[in-house]
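Below, each chain spelled out in residue letters.
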Amino acid sequence: MTSIEVWNASVDFPIFDAKSRSLKKKVLGKVGGKIGTDSKVPVIEALHDITVSVHAGDRVGLVGHNGAGKSTLLRLLSGIYEPTRGSAKIQGRVAPVFDLGVGMDQEISGYENIMIRGLYLGMTRKQMEKRVDDIADFTELGDYLSMPLRTYSTGMRVRLALGVVTSIDPEILLLDEGIGAVDSRFLNKARDRLVDLVRRSGLLVFASHQDDLLLELCTSAIWMDEGHMRMQGSLRDVLKAYKGKDPFQNISPETAARLGIERPVSVKGGE
Amino acid sequence: MHATSTVDAADESAATAKPTPDRRSWERAFADLRDGFTQRELWSHLGWQDIKQRYRRSVLGPLWITLSMGVTALGLGLLYSQLFDASIGTFLPYITTGFIVWQFMLGSLTEGTNTFIANEGLIKHLPAPLSVYVLRTLWRQTILFAHNMIIYFIVVTIFWGSLTKSGYVLTDAGIPQPGLGWSALLAIPGFAMLALNAGWVILLLGIVSTRFRDIPQVITSLINLMFFMTPIVWTTDILKSKFGESAGWRDLWVVELNPLYHFLQIVRAPLIGNEQSWHHWVIVAGIAVVGWSLALVVLRNYRSRVSYWV
């Protein structure tokens, strides 16, 4: 059973400045007696008292300003950060896609990068070998795939990364924003694959500033503000409260049509 | 990754000031090690990748590892056999083998401290067990060791005659050595033991250095001294001859109290047909037990903190 449960979780980052990170203070401090009162390391409370419960089939969007804690929350949900207070329980294989570039090596060929990126995402070598052709097709990179990655343009890199990421079968898919920098024709193609991937995965949490992608991929949403959960509910309600206007007001007719055909926007309440 | 945890905190008591016990459980520490081992494809690939990366676009590639070891062994062997008036046929293999084993220990210590610091990007993007990074470092060192062993085999082939002669001495008035034979195979369990110990060293130093960034500096500043304190370019025979026949362990404290010496001996002695002593094995096994216990306690308590510290 795929699910993520988080109870009253907080994430505090200790900030070790040069002084408190070194042994010097610990050692010399003892000898010299209590001069400094800075025995405690200052912390940044990145997330405060988060309670979330996401189950198989849920498609949750994360919205909020920069620095509101969206990425940190995704890392909490993936198990990278274990809560400093409270607790979290993650069941299922997590595929975190926070940074398209992570694990990419400049000096090796596109093919090799496909393999490595797949291993990072929890696939085995055999599973990736089956997917290589499909990925090569999708990226349209052709012979470039045997060239080292450093010869690629930014857009080509994104194509490659998106190709790998959208080829896997995750149980829990955690997506962070930053899917851009490709031309519009490719974006349409990527969107289709992304929608397909989301459909395959058991559970999605997606942080984004792009309303149309959110509308396409998510059904419910969480609004993060300064490390707190400001609001949780259906995507439409949350976006309305966050933006101060109905998200369906100014989407292009073609997007509306696509959304309308593919999936009538459910106003089913989230968690 | 399966993050399994037992959570009984269903009651919504927000005031759980103390960290929940489940962050610091033996169960999760062992699960980390187990999951790390099962992701063999990932860490073995990463370990190889590190090596290939280092020699990318060079014509000889990883053969440079072998080549530079060869040059060093030749230089050190020629110099020190002259300085100590030792027969080059046995002293050069002695130095070469010692230096190869030393390189492995050196790498485990210095790169061990950087295990998690160097993998910061991955740790913050992937929920992988910590032991994956430990195994990556250990595997890289093992590959380097394997490359260096080529030099060992070349040297042994060249000096086969002098090494297999029973009763050879390394330096003047040294104890007669049994000579190379089938007992050389003991180097295999010897290296396994060395690698086992490198595992806890990398794990422990890695976690501690992530929190205290001075540790890598401490290690780097001491390691050069350790090289000269360990009998690699000199022999314990020289030390013994200073104290005469009655030399006990008290006179030999310089080597006997040096843990690196014991690790060195369990691999080097069989490889060049030197006299082997069971007491090295006992000490090394003891260090393995103590070290792993310590590393496991640290892993249990600070495993979940590493991603916050890097």
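Starting afresh in each chain, residues are numbered from 1 along the sequence in its written order. Chain A is the first chain written and ligand 1 is the first ligand written, with later ones labelled in order. In keeping with the predicted nature of the model, local features appear solely for residues at pLDDT of at least 70, side-chain atom pairs appear and are counted solely at 80 or more, and the whole-chain, interface and lining totals rest on all residues. Computation of side-chain values covers all heavy atoms of the structure but excludes hydrogens and water.

## Describing the sheet that holds strand β5 (residues 94-97) of chain A
Residue and element names in this part refer to chain A. Two strands are counted as paired when DSSP detects at least two bridges linking them. The secondary structure listing takes helices from DSSP runs of H or I that are at least 4 residues long and strands from runs of E that are at least 2 residues long, numbered from the N terminus. Taken together, the 6 strands give an open sheet; going across it, the order is β5-β6-β7-β3-β8-β9, and neighbouring strands pair in mixed fashion. Looking at which strands have only one partner, the edges of the open sheet turn out to be β5 and β9 (228-234). With strand direction ignored, the average angle separating the axes of adjacent strands in the sheet is 15°. When β5 meets strand β6 (residues 172-175), the two strands line up parallel, connected through 4 bridges. Bridge pairing links alanine 95 to leucine 173 in β6. Here a residue-residue contact requires only that any non-hydrogen atoms of the pair lie within 4.5 Å. In this analysis, axes come from line fits to C-alpha atoms, helices being fitted only over the stretch in contact, and the angle between any two N-to-C directions falls in the range 0 to 180 degrees. Sheet strands in contact with helix α9 (residues 235-243) are β3 (59-63), β8 (220-225) and β9, and its direction is about 135° off that of β9.

## Quick notes on the nonpolar core
Take the buried Ala, Val, Leu, Ile, Met, Phe, Trp, Tyr and Cys residues and link them wherever side-chain atoms come within 4.5 Å; each set so joined is a nonpolar core. Burial here depends on accessible area, computed with a 1.4 Å probe over protein chains only, as a share of the maximum for the residue type. Under 20% is buried, over 50% is exposed, and the range in between is partly exposed. Counting residues in each nonpolar core, the largest one holds 121 residues, and the members touching the most others are Val6(A) and Phe116(B). In terms of residue count, the dominant contributor to this core is helix α9 (residues 187-211) of chain B (13 residues). Two domains each provide a minimum of three residues to this core, namely domain 1 (3-93 + 170-262) and domain 2 (105-167) of chain A. Core analysis: the next-biggest nonpolar cluster, separate from the first, contains 47 residues, Val97(A), Val165(A), Leu217(A) and Trp223(A) among them. Bear in mind that the domain bounds are from an automatic or database domain assignment.

## Comments concerning the confidence of the model for chain A
All names here are of chain A. One number per residue, pLDDT, summarises how confident the predictor is, and it ranges from 0 to 100. Averaged over chain A, the pLDDT score is 79; the fraction of residues at 70 or greater is 80%. The low-confidence segment residues 31-38, where pLDDT is below 50, has 1 contact with residues more than four positions distant or belonging to other chains. Counting contacts from residues 261-271, a segment whose pLDDT is below 50, to residues more than four positions away or on other chains yields 16 contacts.

## A closer look at helix α5 (residues 125-139) of chain A
Residue and element names in this part refer to chain A. With 15 residues, α5 ought to run about 21 Å at 1.5 Å a step, and its terminal C-alpha atoms sit 20 Å apart, in line with that. Across the chain, bend at a residue is computed as the angle between axes fitted to the seven residues ending at that point and the seven starting from it. Within α5, the axis deviates most sharply at arginine 131, by approximately 40°. Those residues of α5 that sit buried are Met128, Arg131, Val132, Ile135, Ala136, Phe138 and Thr139. Directly after α5, the chain includes glutamate 140, whose backbone phi takes a positive value near 60°. Here a helix's expected span is defined as the number of its residues, less one, multiplied by 1.5 Å.

## Section: the packing of aromatic side chains
All names here are of chain B. Each aromatic pair joins two rings of Phe, Tyr and Trp (for Trp, the six-membered one) with centres within 6.5 Å, and gets the label stacked for planes under 30 degrees apart, edge-to-face for over 60, and tilted for any other angle. Under the counting rule described, the total for this entry stands at 18 aromatic pairs over all chains. With a centroid separation of 6.0 Å and an interplanar angle of 75°, the aromatic rings of phenylalanine 84 and phenylalanine 91 are classed as edge-to-face. Phenylalanine 84 gets classed as partly exposed once you look at its relative accessible area, which sits at 26%. Between phenylalanine 227 and phenylalanine 228, the ring centres sit 5.0 Å apart and the planes meet at 80°, which makes this aromatic pair edge-to-face. Taken together, the ring pairs in this structure connect Tyr80, Phe84, Phe91 and Tyr94 into an aromatic cluster. In this arrangement the basic side chain of arginine 211 is found over the ring face of phenylalanine 212, its NZ or CZ atom lying 4.6 Å from the centre. It is arginine 305 that lies over the ring of tyrosine 308; its NZ or CZ is 4.5 Å from the centre. Note on geometry: a ring has a charge over it if NZ (lysine) or CZ (arginine) is within 6 Å of the ring centre and within 35 degrees of the ring normal.

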